[in-house]
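# Residue-level structure breakdown
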Amino acid sequence: MPTPIPPLDLPPAVPLEPKNPSSLFAMAVASVNRACEVLKAPDYVKALLGQPKNEFIVNFPVRMDDGRYRIFKGYRIQHNNVLGPYKGGIRFHPDMSLDDGKALATWMTMKSALMRLPYGGAKGGIKVDSRELTANELMRLTRRFTSALGDTIGPDYDIPAPDVGTNAQIMDWMMDTYLNTHNSVQSQGLRHVVTGKSIACGGSEGREKATGQGIVYVLQELLPEFNIAINGMRFSVLGYGNVSSNTAIILQGLGAKLVAVLDHSGGIRARSEAAIDANALAAYVQKSGSIKGYTQSLTNDEKCDVNTSAVDSVGRESFYKTPVDVFIPAALERMVDKQVAQWLDCKVLAEGGNGPCTPEADALLQNRGVALLPAILCNAGGVTVSYLEWVQNKAGIHWELERVDAELKKTILNAARRVRLAAHQYNINMATAAYVVAIDHIIKAYTQRGIFP
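Scope of this entry: the structure provided in the associated data block. The residue numbering used here restarts from 1 in each chain and proceeds along that chain's sequence as written. Local features in this predicted model are restricted to residues whose pLDDT is 70 or higher, and side-chain atom pairs enter the listing and the counts only when it is 80 or higher, whereas totals over whole chains, interfaces and linings include all residues. To get the side-chain values, all heavy atoms of the structure are used, and hydrogens and water are removed first.

## Side note on the pattern of salt bridges
Salt bridges are counted wherever a side-chain nitrogen of Lys or Arg sits within 4 Å of a carboxyl oxygen of Asp or Glu. Enumeration over the complete set of coordinates arrives at 20 salt bridges. Two residues, Arg417 and Glu221, come together in a salt bridge whose shortest N-O distance is 3.2 Å. Note that Arg417 is positioned in helix α14 (residues 401–426) and Glu221 in helix α6 (residues 210–222), a separation of 196 residues in sequence. A single salt-bridge network, built from bridges that share partners, covers Arg91, Lys123, Asp163 and Glu333. Runs of E in the DSSP output that reach at least two residues are strands. Runs of H or I that reach at least four are helices, and both are numbered from the N terminus.

Have a look at this one:
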């Protein structure tokens, strides 16, 4: 159970406030500062966690298939490494920016500390719409970015992983580029420079479903706090990519009902007492790229014509107003604004994606009595299995799925229990409690190690 730690004998440190108070980074810092106030943390903790240690920007050329060269901008932000090597995803997205990278890196620090992983936090990526690139252009982009990063990353210094717009193939290319630009004698022992790789290239069993599986473990542990049972639970998801689809499939297997989905193409909602088939929808999205046009026949159990669709197309407002027990936003940041918060009809909001709620939405939801389970707890399954992949690579072994799932479950459940205990001890909500637990662990490390020099 977290307890306040006596501060080091240091002079007061003045935190650097984010320049833009409405930015994503300001959101991340505000969450950290709230937890520091609860813990009565010394000033130096706020100062150290209020800015990244390192910020890198690289501009590099990539040859397009037509022979022309385009210049791309890439980022790597290393927030904090007091607990271990920097760890965080690589994002390929047209809105990727330094500010967003700083926020995401901060959350990675919190996430690793909450899970008790020996990692710090980092994030990076390229400002690009990868859907506009051919496979060969995407490969050259990835390899050139990895080369530009150079020794900014390393298997025991800063370990990237997949994020929005990247996947196992991208990680395989990053690993191969790193190995081919470093000591050839030792290169085969450096595969753990990235995680989230394909199985053939040293990836771990269970990595694809890890984030979704982690969300389910959190819900299993904490929903009893709100008198909600998984079996029969109604839930909706924002986005239907890797995280939300795996979450929905696993929850469906436990008896929960997926009743509404919204992505960039529109929304769908189950009719009457029907439920959306999470597996069928995932297969459809895999082929089509979105949920648009998805139909599903009603079953005989629903006592309707088998040729009648079990789902209706709905707009944003209707989607958010659908009554559910749990709402899981698993898309990009700040998708839940004040208007959406007014529309939502849910008891629990479980953050599948990072920073889905604006500060205004967060305050409104709390006033309405909606319980918020934060992303640093809910979506930590990905970094946890990335850590397990890193451990396997370093030891030169490969674990079966059963062992990976067991380790993931133990890590997530222990973290969820620490959050619940902190929420009761300090009489605070689950979201703030998660940051309290994470920062308490970081303070202990600083207290033991001191600050150089």
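## Brief notes about the sheet that holds strand β9 (residues 311–314)
Sheet architecture is open: 7 strands sit in the order β9-β8-β7-β6-β10-β11-β12, paired in mixed fashion. Looking at which strands have only one partner, the edges of the open sheet turn out to be β9 and β12 (371–373). Neighbour to neighbour, the strand axes of the sheet diverge by 20° on average, direction disregarded. Strands are labelled as partners when DSSP assigns at least two bridges between them. Bridge count between strand β10 (residues 326–329) and strand β11 (residues 348–350): 2 bridges; the pairing is parallel. Across the sheet, Phe327 pairs through a bridge with Leu349, a residue of β11. Note on contacts: a residue pair qualifies if any of its non-hydrogen atoms lie within 4.5 Å across the two residues. Here the axes come from fitting lines to C-alpha atoms, over the contacting stretch only for helices, and the angles between their N-to-C directions go from 0 to 180 degrees. The strands touched by helix α7 (residues 242–253) within the sheet are β6 (234–238), β7 (257–263) and β10, with β6 carrying the most contacts at an inclination of about 165°.

## Notes on the side chain of Gln296
Secondary-structure assignment places Gln296 in the loop between α8 (278–288) and β9. When a residue's accessible area, from a 1.4 Å probe over protein chains only, is under 20% of the maximum for its type it is buried; when over 50% it is exposed; and in between it is partly exposed. For Gln296, a relative accessible area of 13% puts it in the buried group. A distance of 2.8 Å separates a polar side-chain atom of Gln296 from the backbone oxygen of Ala275. The definition of a polar contact used here is a pair of N or O atoms within 3.5 Å, where within protein one atom must be able to donate a hydrogen and the other to accept one, and adjacent residues in sequence count solely through side-chain atom pairs.

## A look at the layout of surface pockets
Empty space among the atoms becomes apparent when a probe as large as a water molecule is rolled across them. The space that makes up the second largest pocket amounts to roughly 460 Å³. Only protein atoms enter the 1 Å grid, on which a cavity is a set of points fitting a 1.4 Å probe that cannot get out and a pocket is an open set with protein on both sides within 12 Å along at least 5 of 7 lines, lining residues being those with an atom within 4 Å of a point. What lines the second largest pocket is a set of 27 residues, and nearest its centre among them are Met27, Ser31, Arg34, Cys357 and Asp362. Only α1 (24–39), α11 (359–367), α12 (375–378) and α15 (430–449) provide two or more residues apiece to the lining of the second largest pocket. In terms of residue count, α1 provides more of the lining of the second largest pocket than any other element does, 5 residues in total. Amino acids outside the nonpolar list (Ala, Val, Leu, Ile, Met, Phe, Trp, Tyr, Cys, Pro) and the charged list (Asp, Glu, Lys, Arg) are all regarded as polar, and Gly is one of them. Residue composition of the lining of the second largest pocket, grouped by class: 14 nonpolar, 8 polar and 5 charged. Grid points are joined across faces, edges and corners, and a volume is the space filled by probe spheres set on the points.

## Some points on the pairing of strand β3 (residues 86–93)
Most of β3 sits out of view: 8 of its 8 residues are buried. Across 5 bridges, β3 lies against strand β5 (residues 158–162) in parallel orientation. By the bridge assignment, Gly88 is partnered in β5 with Pro160. By the bridge criterion, 4 bridges tie β3 to strand β4 (residues 121–127) in an arrangement that is parallel. Each residue of the ladder has a partner; that of Ile90, found in β4, is Gly124.

## Things to note about the sheet that holds strand β2 (residues 69–80)
If you walk across this open sheet you meet the 5 strands as β1-β2-β4-β3-β5, and the pairing is mixed. Two strands bound the open sheet, and with one partner strand each, they are β1 (54–63) and β5. Neighbour-to-neighbour, the strand axes of this sheet turn through a mean angle of 25°, independent of strand direction.

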